[in-house]
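Analysis of the macromolecular model
If you want the building blocks of each chain, they are given just below.
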Amino acid sequence: MSLFESPLFQDSFNQLELAGSIGGLDPNIVERLKYPKRALQVAVPIRLDDGTVKTFQGFRVQHNMTLGPGKGGIRFHPNVDLSETAALAMLMTFKCALVGLPLGGAKGGIQVDPGDLSRQELQSLTRRFATEISMLIGPNIDVPAPDIGTNGQTMAWFMDTYSQLKGYTVPGVVTGKPIAVGGSLGRAESTGKGVAYCVNFASTVTGIPIDTSTRVAIHGFGKVGIPAAEDLSAQGAKIVAIGDVSGAVFCGDGIDVKEAVRYVYAHGSVKGMPGTEAITNEELLSLEVEVLIPAAIDGIITEKNMKNVKAKIIAEGANGPITKEAIEYLAGNGAFIIPDILCNAGGVIVSYFEWVQGLQNFFWDLDQINKKLHDILKESFDRVVLCSNEFNVDMKKAAFIGALQRLDKAMRLRGLFPA
Ligand code: GLU
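Below: a short report on this structure. Model, not experiment: these values are computed from the prediction.

1. Digging into the overall build of the protein
Summing up its helical and strand segments, the protein has 14 helices and twelve strands in all. Here the protein has a C-alpha radius of gyration of 20 Å; the compact-globule value for 419 residues is 22 Å, and the two agree. If you line up the protein on its principal axes, its C-alpha atoms span 55 × 55 × 45 Å. Expressed as a percentage of its 419 residues, the buried residues of the protein come to 60%. A fraction of 69% describes how many contacts in the protein between residues 6 or more apart in sequence connect residues 24 or more apart. Charged side chains of the protein number 39 positive and 44 negative; the gap between the two group centres comes to 6 Å.

Have a look at this one:
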């Protein structure tokens, strides 16, 4: 498969080229950042509960490690392939650089629908995958984390497998672990919390208040969407619609987020939630709202539906949920878009805190973590706004320029090997 096959890789590649030229960055640096440093494709055979053997395709891509060890999640999803994983690894490089972490960009995944597998099968899948990519990862090399379809349990199995191979416990090999095995307070909700912080910063810039007059629609009511909904509704905002793979639900007076979370845990999806009206996800995206949070997967707002979107602030909770054309159109029409590499960076920021705490064997309290998370995001947000004003570009391009400036400096200082 060619690297260019996925729309997300093409979009990220084009955003990089554009940001490089608008930002006046060294073309040699931009050229080096177009391609992943290395990519590993592995076969992941497992024995299913019925005794048959099934083989899945797995990937780990390290895009760039100039700033430090590779960092990025592991995705279990049917759409995972080399090109999409490479694009997501590239986004991780820019994300870590933009928010000033001493980490590079990487991503991994397995082409699988985790919903089709039992807990035992998922454990076998994770352990075999961890073994297959073990030569490429490590606390000082490349540190995976959860992403779509994976969670703290996946990370615990992953860490245990790597530790078994080494003969001693290596907590720093992954982040997003449960607290009981070296995880960090605040990591589980960090991505969504970061999204809510960014929506607040955007409110200050745009003058659109976050209070009882604010209507919010959230596409993807999971690891990212739930904590974002909790934080925004605690500030008084009305969460009028939430959606997931089963469809979406709407309530003009505002959905009770606590009830919704209970319902989703009990029923597995938002479908049929009492007190709400069923709508489609396309209808959710088209709602008359102040804030729209696409927090599920990439390629949700495209040329096909961009003209229906009415939200004033759009917070990219997922990676790449809005295509390049749709960003140009929406930003051109006055929407304030908080780009993914800023908006959802809360996850990797607290992953960084977890990694540091693990290496020091010294753990911080939740207030400290949330304060540091807030401060890093605020500084990064302000930097993107400054770039946006300086280069007269939308926030997406500005974020890429901001990230590239940091990478450009570090890559030029380190030079090209061999000289
Ligand atoms: N998967 C998350 C992301 O896309 C978190 C990555 C990490 O914590 O390393 O940013």
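2. Some thoughts on the sheet that holds strand β7 (residues 238-244)
With mixed pairing, seven strands are arranged side by side in an open sheet as β9-β8-β7-β6-β10-β11-β12. The open sheet has two edge strands, β9 (277-279) and β12 (336-338), and neither has a second partner. Between one strand axis and the next, the sheet turns by 20° as a mean value, whatever way the strands run.

3. Notes on the pairing of strand β10 (residues 291-294)
Residues Val291 and Ile293 point to one face of β10 and Leu292 and Pro294 to the other, with burial holding for every one of them. Both strand β6 (residues 215-219) and β10 contribute to a ladder of four bridges, which runs parallel. Along β10, the bridge assignment pairs histidine 219 with proline 294. Where β10 and strand β11 (residues 313-315) come together, two bridges link them in parallel fashion. Paired with leucine 292 across the bridge in β11 is isoleucine 314.

4. Concerning the nonpolar core
A general tendency of soluble globular proteins is for nonpolar side chains to be buried together. With 95 residues, the main nonpolar core has Phe94, Phe221, Ile242, Ile293, Ile338 and Phe381 as its most contacted residues. Broken down by element, the residue count for this core peaks at twelve residues, all from helix α3 (residues 82-98). Every residue in contact with phenylalanine 94, bar those within four places of it in the chain, is listed here: Leu16, Leu33, Ile341, Phe400, Ala403, Leu404 and Leu407. With 24 residues, the next largest nonpolar core counts Val44, Phe76, Leu117 and Trp157 among its residues.

5. Let's talk about empty space enclosed by the protein
Per the counting criterion, the structure on display carries one cavity of 30 Å³ or more. Approximately 90 Å³ is the volume found for the largest cavity. If you tally residues by element for the lining of the largest cavity, the top one is helix α1 (residues 7-22), at four residues. Tallied by class, residues from the lining of the largest cavity come to five nonpolar, four polar and four charged.

6. Regarding unusual backbone geometry
Excluding glycine, a negative phi dihedral is what most residues carry, and trans is how most peptide bonds are arranged. Omega for the peptide link from phenylalanine 417 to proline 418 comes to -10°, which places this bond in the cis form. Looking at the secondary structure, you find proline 418 in the segment after α14 (395-414). Phi is positive for asparagine 361, which is not a glycine, with a value near 55°. As for its placement among the helices and strands, asparagine 361 is situated in the loop between α12 (346-360) and α13 (366-391). Classification of asparagine 361 as exposed rests on a relative accessible area of 61%. The phi angle at asparagine 392 is positive, at roughly 55°, despite the residue not being glycine. Looking at the element boundaries, asparagine 392 is found in the loop between α13 and α14. The class for asparagine 392 is exposed, based on a relative accessible area of 69%.

The rules behind the values
- Residues numbered from 1 in each chain as written.
- Predicted model: local features only at pLDDT ≥ 70, side-chain atom pairs only at ≥ 80, totals over all residues.
- Heavy atoms only, no water.
- Helix = DSSP H or I, 4+ residues; strand = E, 2+ residues; numbered from the N terminus.
- Rg over C-alpha atoms; globule rule 2.2 N^0.38 Å.
- Buried < 20%, exposed > 50% of the residue type's maximum accessible area, 1.4 Å probe, protein only.
- Contact = heavy atoms within 4.5 Å.
- Lys, Arg positive; Asp, Glu negative; His and termini not counted.
- Charge placed at Lys NZ, Arg CZ, Asp CG, Glu CD.
- Pairing = 2+ DSSP bridges.
- Axes fitted to C-alpha atoms, helices over the stretch in contact; angles between N-to-C directions.
- Core = buried A, V, L, I, M, F, W, Y, C linked by side-chain atoms within 4.5 Å.
- 1 Å grid on protein atoms, 1.4 Å probe; cavity = no way out; pocket = protein on both sides within 12 Å on 5 of 7 lines; lining within 4 Å.
- Points joined across faces, edges and corners; volume = space filled by probe spheres on them.
- Nonpolar A, V, L, I, M, F, W, Y, C, P; charged D, E, K, R; others polar.

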